[in-house]
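Chain by chain, the residues run as shown.
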Amino acid sequence: MEFYATARLPFTPNELQRYLRIDNLPLWCASIETVLSHQGERGRIYCLWGEFAIHQEILRDGVRFTLPGCPNALQWTVTAEADRGAGQVVVHCTINRQQHEPEFVESLEQFVADWKAGLEDWQARLQELAVERAPAECSPWYG
């Protein structure tokens, strides 16, 4: 099964690759509750379906995330046109089944909708990322 959403977002593929990382996935998608661990392109997350290992892969036009231990082989890509003027980012989610229980299908639709909403609120996400990386204002090491 396949699920799609198109978000209005002025990001290029390079920007998607820079900003979408395992360690900050909960900032971008409300269906991903927490990152339990991460190291580079591998990690563990807790999401609406439970706890899973997650892998990240850089693609030509964006990023792919996979849940290799998922019984449905869940994966999703977030891709953009190279031209920033296009202003569209596509979320494409797949599982390895042609049919599934209606409740699970609804949860997949919600997952893609959460990605769309998180991406479209990109200004808030970037502000949160900037705060995480800003030097401590009270530190004697920063003037």
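Analysis parameters
- Residues numbered from 1 in each chain as written.
- Predicted model: local features only at pLDDT ≥ 70, side-chain atom pairs only at ≥ 80, totals over all residues.
- Heavy atoms only, no water.
- Salt bridge = Lys/Arg side-chain N within 4 Å of Asp/Glu carboxyl O.
- Helix = DSSP H or I, 4+ residues; strand = E, 2+ residues; numbered from the N terminus.
- Buried < 20%, exposed > 50% of the residue type's maximum accessible area, 1.4 Å probe, protein only.
- Phe/Tyr/Trp six-rings, centres within 6.5 Å; stacked < 30°, edge-to-face > 60°.
- Pairing = 2+ DSSP bridges.

**Focus: the pattern of salt bridges**
Part 1: Within this structure, the stated rule accounts for 4 salt bridges.
Part 2: We note a salt bridge from Asp 23 to Arg 21, for which the minimum N-O separation is 2.9 Å.
Part 3: Measuring nitrogen to oxygen at the nearest pair gives 3.9 Å for the salt bridge that ties Glu 120 to Lys 116. Here the residue Glu 120 and the residue Lys 116 both occupy positions in helix H3 (residues 102-120), the gap between them amounting to 4 residues, near one helical turn.
Part 4: Since its relative accessible area comes to 34%, Glu 120 is described here as partly exposed.

**Regarding the packing of aromatic side chains**
Part 1: Evaluation of the coordinates by the stated rule reveals 9 aromatic pairs.
Part 2: The interplanar angle of 50 degrees and the centroid separation of 5.1 Å between the aromatic rings of Trp 49 and Phe 111 together place this pair among those described as tilted. Placement of the pair is Trp 49 in the loop between strand S3 (42-47) and strand S4 (50-59) and Phe 111 in helix H3, with a sequence separation of 62 residues.
Part 3: Owing to a relative accessible area of 1%, Phe 111 belongs among the buried residues under this scheme.

**Looking at the pairing of strand S5 (residues 62-66)**
Part 1: Sheet topology places S4 next to S5; 5 bridges connect them, and they run antiparallel. Note on S5: the bridge partner recorded for Ile 58 is Val 63.
Part 2: As consecutive antiparallel partners, S4 and S5 are separated by 2 residues.
Part 3: Note that S5 and strand S6 (residues 75-80) share 5 bridges and pair antiparallel. Bridge pairing in S6 places Thr 66 opposite Gln 75.

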